[in-house]
Amino acid sequence: GQQVQQSPTSLVLQEGENAELQCNFSTSLNSMQWFYQRPGGSLISVFYNPSGTKQSGRLTSTTVIKERRSSLHISSSQITDSGTYLCAMEQRGSSGNKLIFGIGTLLSVKP
Amino acid sequence: DPKIIQKPKYLVAVTGSEKILICEQYLGHNAMYWYRQSAKKPLEFMFSYSYQKLMDNQTASSRFQPQSSKKNHLDLQITALKPDDSATYFCASSQDHSQDTQYFGPGTRLLVL
């Protein structure tokens, strides 16, 4: 099964509403990273968050490692927030680390 | 200026041919990676390199061969292309091959006919 579960898979908001995106991991992880991706675009790192809460502007990420989950909160959403949000767990082994991705949450913010 | 350059941006190939995807990073990073994003699937880890040495290979097929001519270069050679290889291929890098933020390039979108 999939190691990284994201929910919801899609979300439609009115501009100004808040959003809460969830990420759950089926295995233990060392850290995790949130990315933003426009259609056909590159991945932009939003947060690298091994644990606890981090905030950047209207975005807040909370990671609880022992519960194997992370969330991304978007407050006062704007149309330009539309896109796909991906979470990825950092899996570390003897050969170094790699990112295991979820399928993403497609966010659409309407005027 | 873009810090991670991938060339070409788009690539169309015929089945059975061979292509090389270029990646250069100007972040001074020591670790580089390749990931693949296929339709309806999560981004998938392929390779990782550290100081030009292969660290991890999660690609089952030997048709995919990374090539590192310089520390800040990690190209991906794909031989005997198949339509299933159609995907967007992302190069990424991080300061070191340990707990660290990974930064992604713009990707190369490959279509195999």
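Quick notes on the rules
- Residues numbered from 1 in each chain as written.
- Chains lettered and ligands numbered in written order.
- Predicted model: local features only at pLDDT ≥ 70, side-chain atom pairs only at ≥ 80, totals over all residues.
- Heavy atoms only, no water.
- Helix = DSSP H or I, 4+ residues; strand = E, 2+ residues; numbered from the N terminus.
- Contact = heavy atoms within 4.5 Å.
- Polar contact = N/O pair within 3.5 Å; in protein donor to acceptor, adjacent residues only side chain to side chain.
- Disulfide = S-S within 2.5 Å.
- Buried < 20%, exposed > 50% of the residue type's maximum accessible area, 1.4 Å probe, protein only.
- Buried area = accessible area lost by both parts, 1.4 Å probe.
- Salt bridge = Lys/Arg side-chain N within 4 Å of Asp/Glu carboxyl O.
- Nonpolar A, V, L, I, M, F, W, Y, C, P; charged D, E, K, R; others polar.

A. Looking closely at the side chain of A:Lys98. Topologically, A:Lys98 is positioned in strand 10 (residues 96–101). The residues touching A:Lys98, leaving out its near neighbours within four places in the chain, are A:Met89, A:Glu90, A:Gln91, B:Tyr35, B:Phe45, B:Asp56, B:Gln58 and B:Gln102.

B. Main features of the side chain of B:Gln37. Along the chain, the position of B:Gln37 falls in strand 4 (residues 31–37). Among the polar contacts listed, one links the side chain of B:Gln37 to the side chain of A:Gln37, at a separation of 3.0 Å. Aside from chain neighbours lying at most four places away, what touches B:Gln37 is A:Gln37, B:Leu43, B:Ala87, B:Thr88 and B:Phe90.

C. A look at the state of the cysteines. Counted under the stated rule, the structure contains two disulfides over all chains. Note that A:Cys23 is cross-linked by a disulfide to A:Cys87, the S-S spacing being 1.7 Å. The S-S bond linking A:Cys23 to A:Cys87 shows a torsion near 60 degrees; that makes this disulfide right-handed. One end of the pair, A:Cys23, is in strand 3 (residues 19–25); the other, A:Cys87, is in strand 9 (residues 83–93), with 64 residues separating them in the sequence. Assigned by exposure class, A:Cys23 and A:Cys87 land together as buried. Sulfur-sulfur distance for the disulfide between B:Cys23 and B:Cys91 comes to 1.9 Å. One quick way to see it: the torsion about the S-S bond of B:Cys23 and B:Cys91 is about -70 degrees, and its sign makes the bridge left-handed. With a gap of 68 residues between them, B:Cys23 in strand 3 (residues 19–25) and B:Cys91 in strand 9 (residues 87–94) connect regions that are remote in the sequence.

D. Here's a closer look at the interface of chain A and chain B. The partner chain B presents 23 residues to the 24 residues of chain A that form the contact. Where chain A abuts chain B, roughly 1800 Å² becomes buried across the two surfaces, and 53% of that area is made up of carbon and sulfur atoms. The largest contributions to the chain A side of the interface with chain B come from A:Ser95, A:Asn97 and A:Lys98, which together make up 28% of the buried area. Viewed at the interface, chain B and chain A are joined by one salt bridge. We note a salt bridge from A:Lys98 to B:Asp56, for which the minimum N-O separation is 3.8 Å. Going through the elements one at a time, strand 4 (31–37), strand 5 (43–48), strand 9 and strand 10 of chain A are the ones with two or more residues in the side of chain A that touches chain B. The dominant element in the side of chain A that touches chain B, judged by the number of residues it contributes, is strand 10 of chain A, at five residues. Classifying every residue of the side of chain A that touches chain B by side-chain character gives eight nonpolar, 13 polar and three charged.

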